Amino acid sequence: MGENGNLNPVTLEGPVCPLPLQPTEYVVLGHGSGGKLSRDLVTKLFLPPFDNPILRAGDDAGIVGIAGSRLAISTDSHVVTPLFFPGGDIGRLAVCGTVNDLAMMGATPRYLTVGFILEEGLEMRVLERVVASMRAAAQEAVVQIVAGDTKVVQKGKADGLYINTAGVGSVADGVEIAGANARPGDVVILSGAMGDHGIAVLSARGELDFQAQVTSDIAPLNHLVGEMLTAGADIHVLRDPTRGGVATALNEIAQQSNAGIILDEAHLPVRPAVAAACEMLGFDPLYVANEGKLLAVVAPGDAERVLRVMRASLYGQGAAIIGHVVTGPRGRVLMRTAIGSTRVVDVLAGELLPRIC
Amino acid sequence: MKYVTEYRDAKLVHGVLEEIRHTVTRPWTLMEICGGQTHAIVRHGIDQLLPSQVELVHGPGCPVCVTPLELIDKALAIASRPDVIFTSYGDMLRVPGSGRHLFSVRAMGGDVRVVYSPLDAVKLAQQNPDKQVVFFAIGFETTAPANAMSVLQARALGVQNYSVLVSHACVPPAMHAILSAPLNRVQGFLAAGHVSAVMGYWEYPPLAEKYQVPIVVTGFEPLDIAQGVLTLVQMLEQGRVGVENAYVRAVTFQGNLPAQQVIGQVLELCDRKWRGIGTIPMSGWRLRPEFREYDAEARFDLGEIHTHESPSCIAGKILQGLAKPHDCPVFGTTCTPERPLGATMVSSEGACAAYYKYGRHHALLEQA
């Protein structure tokens, strides 16, 4: 109570509260966070005018039939600050982002297109560095960049450089992977530690006055997926937990499959440096972005075999079983905590924000 | 992770929970003051594991939740000015004022930035001499030293384009207000560990004495909270009144004296309005007159601010421990984190947000 404190009774007001906010009339950053606002934007504003069964499936890529063969098509735009960060850069991100979206449908990614939006004044050597990185990533993923476009905007109208990529891949006969295919009893596998990319970028940004010794995990995941499929395992769902992290990706799967998912907190893989950075910032690693990890929902009998194949791959060495699919509550993700209680793992409302204290 | 993993050890936590079960003989209502503890309790599901006789009610220790609406509206007015870079802790950006929040100001072209420390805001002021940099200095005793330090630093560096919009609150007067209220249900407090790390716990013995309650300084990890509850239940069962420290690795009786000195140098006690609760005498801090030049409220002519509060949610009752979030008829239906009706649904330390985020909907838990 300090030096001037008193202990007289205090009269309290009745409950008061502010007026509800009107539905937002403007685009806010949260619309791009991968959370509920993003989902609302897609389902309420984009889906109705473009509506068709392929889009409605809500997967990482659309599956189309052309001349008797099945193709996966996807597109992804990349805006990241800084352009270069430990473990990667916007170029590698742009190639791997689209490659991974295709791979998550069980497709073999083949061809990419690339669109550059360049800000006047961008240093040519920066652009050269980004393009060299894209070339290396495309070689690693074994895809070709076969068409492109360039636009230049006035200084101040873009953050140096934005990149859009689109891609197509072929889907082999018999491969049926989709977000709606999770079944009760299935096992959920994560291919490695959570949150490396998000924390690496945040640390490289330098705004929050912390530096974590964390490298982004950006990687093409098509080879890993190829090895998992070659093993002949019954894989029901694949998803790369990018923006919004593992929690958001699993919520999407639970909703698409109309099933529940239960996670086991004790088995979630997180690097100590990422865990420490998250503790400090008030983040939950479940919501932090990954760019080189995948979630696989696999028939129970095949789980151990898939896990072995993943751990033997360069891109899945840290794979772990993190949970399983249950009948309900439908569309929700629950977690058995390390101390034995149960809680819901929800989708983020908007942006991931550092806490106050 | 050292000093975290040990305090989340399931075996140790269950050992303490077992001891609580052996100790408790009748119902007790305990309040954890701090919103950070509320979130830890719900996130780890500690309340689910406690015996049914021990009820935890959630206190007003959520800085964003209790920041008065007038001040948020002032922040919105300042942040909308073209000559201003408005800086704040992340949580504050989402809190609704009378009709909009700082995010929407940013979407409309206002320069609103999240900083992790007010000292970063001072740096921003140095880097942008043609702009006014304003920091929204909110929080309890935990954030006060850094916020006060930023003013001292601005003065020492001769940074004149930096100011603070101050909305500081103090925890002990709020405990006093809750205990003196006629409808009070709280029989013992888990005192906030981080607040006590700064301030010590020398302010609590007069409270414990006057209201004949036990108070236990408690940390934030599952084992800390279980230990705090155990100590409190033991005191209640034995009829003991007084203050004990169950967070000795961070808290001393005197607290952090240099931090207290910085606070005392820059800030002075004042009456303060708590959103949803009311005015509590001598429960806030404002800048001392000699630092008035750094007061954003004095620096900017804001005209008259008309706020509008409506009696549509029960945040006030929740902040006083009189109701739980899921007792509210609009919880999780009309009121969600995307469309909050009250600050308790917005802040990462708000009780409603914790209940929502970790799924304390009656229907959901019945299915689980």
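Conventions adopted
Residues numbered from 1 in each chain as written. Chains lettered and ligands numbered in written order. Predicted model: local features only at pLDDT ≥ 70, side-chain atom pairs only at ≥ 80, totals over all residues. Heavy atoms only, no water. Patch = residues over 30% accessible without salt bridge, like charges linked within 9 Å, V, L, I, M, F, W, Y side chains within 5 Å. Areas by Shrake-Rupley, 256 points an atom, 1.4 Å probe, with all protein chains shown as cover. Salt bridge = Lys/Arg side-chain N within 4 Å of Asp/Glu carboxyl O. Helix = DSSP H or I, 4+ residues; strand = E, 2+ residues; numbered from the N terminus. Buried < 20%, exposed > 50% of the residue type's maximum accessible area, 1.4 Å probe, protein only. Pairing = 2+ DSSP bridges. Axes fitted to C-alpha atoms, helices over the stretch in contact; angles between N-to-C directions. Right-handed = clockwise from strand over helix to strand, strands pointing away. Domains from an automatic or database assignment. Contact = heavy atoms within 4.5 Å. Buried area = accessible area lost by both parts, 1.4 Å probe. Polar contact = N/O pair within 3.5 Å; in protein donor to acceptor, adjacent residues only side chain to side chain. Nonpolar A, V, L, I, M, F, W, Y, C, P; charged D, E, K, R; others polar. 1 Å grid on protein atoms, 1.4 Å probe; cavity = no way out; pocket = protein on both sides within 12 Å on 5 of 7 lines; lining within 4 Å. Points joined across faces, edges and corners; volume = space filled by probe spheres on them.

## Section: a nonpolar patch on the surface
Residue and element names in this part refer to chain A. Residues Val42, Leu45, Phe46, Phe50 and Leu55 make up a contiguous nonpolar surface patch of roughly 470 Å² in combined accessible area. In terms of residue count, the dominant contributor to the nonpolar patch is helix α1 (residues 36-50) (four residues). Counting through the fold element by element, Leu45 comes out in helix α1.

## Here's the deal with the pattern of salt bridges
Within this structure, the stated rule accounts for 30 salt bridges over all chains. One salt bridge connects Arg8 of chain B with Glu221 of chain B, and the closest N-O pair in it is separated by 2.5 Å. One end of the pair, Arg8 of chain B, is in the segment before α1 (10-23); the other, Glu221 of chain B, is in the loop between β8 (214-218) and α12 (222-237), with 213 residues separating them in the sequence. By relative accessible area, which is 21% here, Arg8 of chain B ends up partly exposed. As a salt-bridge pair, Arg185 of chain B and Glu55 of chain B come within 2.6 Å of each other at their nearest N and O atoms. Here the residue Arg185 of chain B occupies a position in the loop between α9 (171-180) and β7 (188-192), and Glu55 of chain B occupies one in strand β2 (residues 54-61), the gap between them amounting to 130 residues. Given a relative accessible area of 34%, Arg185 of chain B falls into the partly exposed group. One connected set of salt bridges, linked through shared partners, spans Asp59, Asp60, Arg239 and Glu252 of chain A.

## Some details on the sheet that holds β7 of chain B
All names here are of chain B. One open sheet accounts for five strands, arranged β2-β1-β7-β8-β9; its pairing is parallel. One side of each edge strand has no neighbouring strand; the edge strands of this open sheet are β2 and β9 (242-245). When strand polarity is set aside, the average angle formed by the axes of neighbouring strands in this sheet is 25 degrees. Pairing geometry for β7 and β8, over four bridges, is parallel. Looking at the pairing, Phe189 lines up with Ile215 of β8.

## Comments concerning the pairing of strand β7 (residues 144-153) of chain A
Residues and elements named next belong to chain A. Relative to β7, strand β6 (residues 107-119) is paired through nine bridges, and the arrangement is parallel. Following the sheet pairing, Gly115 is matched in β7 by Asp149. Considered for its hand, the β-α-β crossover made up of β6, helix α4 (residues 124-141) and β7 is right-handed.

## A short note on the domain arrangement of chain B
Residue and element names in this part refer to chain B. Each assigned domain of chain B is listed here: domain 1 (1-314) and domain 2 (315-367). Counting residues at the interface gives 36 residues for domain 1, matched by 30 residues for domain 2. Of the roughly 2,800 Å² buried between domain 1 and domain 2, counting both surfaces, carbon and sulfur atoms make up 63%. Three residues, His39, His58 and Ile314, lead the burial of domain 1 against domain 2; their summed loss comes to 27% of the area buried on that side. Here domain 1 and domain 2 share one salt bridge between them. One salt bridge in this structure joins Lys324 and Glu55, with 3.5 Å as the shortest N-O distance. On the surface where domain 1 and domain 2 come into contact, there are eight residue pairs in polar contact (both at pLDDT 80 or more). For the side of domain 1 that touches domain 2, the secondary-structure elements that each account for two or more residues are β1 (28-34), α2 (35-44), α3 (46-49), β2 and α4 (63-66). With seven residues, β2 is the largest single contributor of residues to the side of domain 1 that touches domain 2. Counted by class, the side of domain 1 that touches domain 2 contains 18 nonpolar, 11 polar and seven charged residues.

## Describing empty space enclosed by the protein
Residues and elements named next belong to chain B. Applying the stated rule across the entire model yields five cavities of 30 Å³ or more. Considered as a void within the structure, the largest cavity measures approximately 60 Å³ in volume. Residue lining of the largest cavity: Cys313, Ile314, Ala315, Ile318, Cys328, Val330, Phe331, Cys335, Thr344, Met345 and Cys352, and that is the complete set. A breakdown of the residues in the lining of the largest cavity according to their chemical character gives 10 nonpolar, one polar and no charged.

## Re unusual backbone geometry
Apart from glycine, the bulk of residues carry a negative phi angle, and the bulk of peptide bonds sit in the trans form. All names here are of chain A. For the peptide bond that leads from Thr81 to Pro82, omega is -5 degrees, which places it in the cis range. Of note, the amide linkage connecting Gly328 to Pro329 takes the cis form, showing an omega dihedral of 0 degrees. Positionally, Pro329 belongs in the loop between β13 (320-326) and β14 (333-336). For Val142, which is not glycine, the phi torsion reads 55 degrees and is therefore positive. By secondary structure assignment, the location of Val142 is in the loop between α4 and β7. In this structure Val142 comes out as exposed when scored by relative accessible area, which is 58%. Here Asn258, not a glycine, exhibits a phi torsion of approximately 55 degrees, which is positive. One can find Asn258 in the loop between α7 (245-257) and β11 (260-264). Taking relative accessible area as the criterion, Asn258 reaches 43% and is therefore assigned partly exposed.

## Points about the sheet that holds strand β10 (residues 267-274) of chain B
All names here are of chain B. The six strands are arranged β4-β3-β5-β6-β11-β10 in an open sheet whose pairing can be described as mixed. Each edge of the open sheet carries a strand with a single partner, namely β4 (111-114) and β10. The sheet shows a mean angle of 25 degrees between the axes of neighbouring strands, taken without regard to direction. For strand β6 (residues 162-169) and strand β11 (residues 278-287), the ladder comprises two bridges, and the chain directions are antiparallel.

## Things to note about the environment of Thr242 of chain A
Topologically, Thr242 of chain A is positioned in the loop between β10 (235-239) and α7. In contact with Thr242 of chain A, not counting residues within four places along its chain, are Val288, Ala289, Asn290 and Glu291 of chain A.

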